[in-house]
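Chain by chain, the residues:
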Amino acid sequence: MAQLHAFAAAASSSSSSPNTLPFNSVTKAILSSENEVETNGRGLRGKLNKVVLAYSGGLDTSVIVPWLRENYGCEVVCFTADVGQGLQELEGLEAKAKASGACQLVVKDLKEEFVKDFIYPCLRAGAVYERKYLLGTSMARPVIAKAMVDVAKEVGADAVCHGCTGKGNDQVRFELTFFALNPYLNVVAPWREWDITGREDAIEYAQKHNVPVPVTKKSIYSRDRNLWHLSHEGDILEDPANEPNKDMYMMSVDPEDAPNTPEYIEIGIVYGLPVSLNGKELSPATLLSELNEIGGRHGIGRIDMVENRLVGMKSRGVYETPGGTILVAAARELESLTLDRETIQFKDFVALKYAELVYAGRWFDPLRESMDAFMENISKTTTGSVTLKLYKGSVNATSRKSPYSLYREDISSFENGEIYNQADAGGFIRLYGLPIRVRAMLEKGFDNI
């Protein structure tokens, strides 16, 4: 191939269904390569025909392109998913892919699908990992891997490849999705195969293969951004005793610097899923994007935690989830009106396992799908609106309304009513407390009540 044939962006409409997004509506480029090599022969490690690579344009994935061609004698199709990481992350990708030696670049807008089909189910389930983590990266990996399987089918690839290290969770999340959706695809994980041990080795390899990589020898933080959150790892954060630097944060202002005047917003929810902001109906991705802006300027959603990775080690990460924190608060407050005690307790119990499955990359596991069916059914009455007060990092509910509210003012009032007779409480307490009285009798040697 001698010329760049096409590179046209086509974002999906917010009214269209993400599940039926046609392949021809994605951003796609077919590139020539100045580093063209013969791919008919066997590579150093074997032979593959065509590999779809999860591509960001950064150092690791830029180096993976020539490494795949050298070691597997294959064509490399670079795939980039737009999950809300920002336009700056997508700029110049075609030039980078071309310079690295890719034969094709495919960019797909997954923002609406990501929020509607991955974030919202977790939100409805109340899924939180280890008390704090709102699963931003955990939810993004399966939607990206799912799209990679689709692209592999479209371009006739016989393998997929990711740039995850052998120490992290993401390798598991990508590969379990590949297994679930196409168990016949070959999976290449360079970080588990090559001799490159760090960034300096990668830079040296890039220079040797004439791959331009605009990085320094050491990056301060390792970050992952999508429409739900921004994570920070590495550098001083590797010591849990260190407080994060104030200038590290990118999505939110310091709560101390947030406005001195609170802001009130109303979230509309139907069947446990957000549908509107301040009375205006918005698509899932648009709603979340606006809440990120609102929450960010009030310092909402900063989390600093030490978590247990799936592979066994502990890691420290700092997360910014402004819009997500607001939505979680709204959903919980509305459920306090619409769900009874036993249902809330059981839902919270199931949510722990739900979060664990998502964190561990088991999105397409039948157990998670069955749990999701339960969450959908139990949320049929979680419809209404919640007004939240945002102020210097805090989110507090000031109003909750629902046509399915189980709260009855006439019952909850301190005044006597027809439904609740306070005199009935005496008999209830005696029966409810009977096991306690019987144990006390045994311990104190009493024979009767």
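Before any of the text, the structure's been laid out above.
What you see is a predicted model; the values in this text were computed from it and never measured. (Residues numbered from 1 in each chain as written. Predicted model: local features only at pLDDT ≥ 70, side-chain atom pairs only at ≥ 80, totals over all residues. Heavy atoms only, no water.)

### Focus on the overall build of the protein chain
Scanning the protein chain for helices and strands turns up 13 helices and 16 strands. Out of the 449 residues belonging to the protein chain, those deemed buried represent 49%. Look at the contacts in the protein chain between residues 6 or more apart in sequence, and 74% of them connect residues 24 or more apart. Total accessible area computed for the protein chain in this model is approximately 22,800 Å², and 51% of it derives from carbon and sulfur atoms. (Helix = DSSP H or I, 4+ residues; strand = E, 2+ residues; numbered from the N terminus. Buried < 20%, exposed > 50% of the residue type's maximum accessible area, 1.4 Å probe, protein only. Contact = heavy atoms within 4.5 Å. Areas by Shrake-Rupley, 256 points an atom, 1.4 Å probe, with all protein chains shown as cover.)

### Some remarks on the nonpolar core
A general feature of soluble globular proteins is that nonpolar side chains tend to end up buried together. Judged by nonpolar contacts, the single largest core of 74 residues is most densely connected at Val52, Phe79, Leu135, Met148, Ile265, Ile267 and Leu327. Counting residues per element, this core draws most heavily on helix H4 (residues 136–155), which supplies eleven residues. Look past the residues within four positions of Ile265 in its chain and what remains in contact with it is Leu277, Asn278, Leu291, Ile294, Ile326, Val386, Thr387, Leu388 and Leu390. Counting residues in hydrophobic clusters, the runner-up holds 32 residues, among them Ile64, Leu68, Ala102 and Ile203. (Core = buried A, V, L, I, M, F, W, Y, C linked by side-chain atoms within 4.5 Å.)

### Brief notes about the pairing of strand S9 (residues 230–233)
With four bridges connecting them, strand S8 (residues 222–225) and S9 associate as antiparallel partners. Each bridged residue has a counterpart across the sheet, and for Arg225 the counterpart in S9 is Leu230. Taken together, S8 and the strand that follows it, S9, pair antiparallel across an intervening segment of four residues. (Pairing = 2+ DSSP bridges.)

### Things to note about the environment of Tyr359
Positionally, Tyr359 belongs in helix H9 (residues 341–359). With residues near it in sequence (within four places) discarded, Tyr359 still touches Tyr129, Tyr133, Leu135, Ser138, Asn169, Arg173, Glu307, Asn308, Arg309 and Leu310. A distance of 2.9 Å separates a polar atom in the side chain of Tyr359 from a polar atom in the side chain of Asn169. (Polar contact = N/O pair within 3.5 Å; in protein donor to acceptor, adjacent residues only side chain to side chain.)

### Some words on the pattern of salt bridges
Considering all chains together, one arrives at 20 salt bridges under this definition. The closest approach of N and O atoms between Arg141 and Asp224, which form a salt bridge, is 3.1 Å. With Arg141 in helix H4 and Asp224 in strand S8, this residue pair connects regions lying 83 residues apart in the sequence. The class for Arg141 is buried, based on a relative accessible area of 13%. For Glu175, the salt bridge is made with Arg192, and the minimal N-O distance between the two is 2.8 Å. Of this pair, Glu175 sits in helix H5 (residues 170–181) while Arg192 is found in the loop between strand S7 (186–188) and helix H6 (199–208), placing the two residues 17 residues apart along the sequence. Several salt bridges share partner residues, and in doing so they unite Arg141, Asp170, Arg173 and Asp224 into one network. (Salt bridge = Lys/Arg side-chain N within 4 Å of Asp/Glu carboxyl O.)

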